[in-house]
Amino acid sequence: TVEEIEGALGRDFYPSLCEERVRWEKELAGLREENESLTAMLCSKEEDLNRTKATMSAIREERDRLRRR
């Protein structure tokens, strides 16, 4: 692992390895945040879709009821 390499060789021996790791960790954190945001947005859109489906169903039922008169 990176930790083992850093421990065996010392952090100062491979500063670029440490910098690269920090960069990847920042990118990972950003991607996790983006994923969380997109998941929340998707849930919201699914709720909107379900409400719209329920409304459409009610409208169709009313239409069918009125046609039977």
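Residues numbered from 1 in each chain as written. Predicted model: local features only at pLDDT ≥ 70, side-chain atom pairs only at ≥ 80, totals over all residues. Heavy atoms only, no water.

With that settled, consider the overall build of the chain. Along the chain, the regular secondary structure elements total two helices and zero strands. When burial is assessed residue by residue, the chain has 1% of its 69 residues classed as buried. Here the chain displays about 6400 Å² of accessible surface, and carbon together with sulfur accounts for 56% of that area. (Helix = DSSP H or I, 4+ residues; strand = E, 2+ residues; numbered from the N terminus. Buried < 20%, exposed > 50% of the residue type's maximum accessible area, 1.4 Å probe, protein only. Areas by Shrake-Rupley, 256 points an atom, 1.4 Å probe, with all protein chains shown as cover.)

Going through the model one piece at a time under the given rule, you end up with four salt bridges. Close ionic contact of E62 with R65 constitutes a salt bridge, the shortest N to O distance being 2.6 Å. Here E62 and its partner R65 are both found in helix α2 (residues 15–67), three residues apart, which amounts to about one turn of the helix. Since its relative accessible area comes to 36%, E62 is described here as partly exposed. (Salt bridge = Lys/Arg side-chain N within 4 Å of Asp/Glu carboxyl O.)

Examined against the element boundaries, E3 turns out to sit in helix α1 (residues 2–9). Looking at E3, the relative accessible area reads 44%, which means it is partly exposed. Sequence separation between E3 and C18 is 15 residues; the distance between their C-alpha atoms is 9.6 Å.

Quick look at the environment of D64 now. Looking at the secondary structure, you find D64 in helix α2. Among the polar contacts made by the side chain of D64, one reaches the side chain of R63 at a distance of 3.1 Å. (Polar contact = N/O pair within 3.5 Å; in protein donor to acceptor, adjacent residues only side chain to side chain.)

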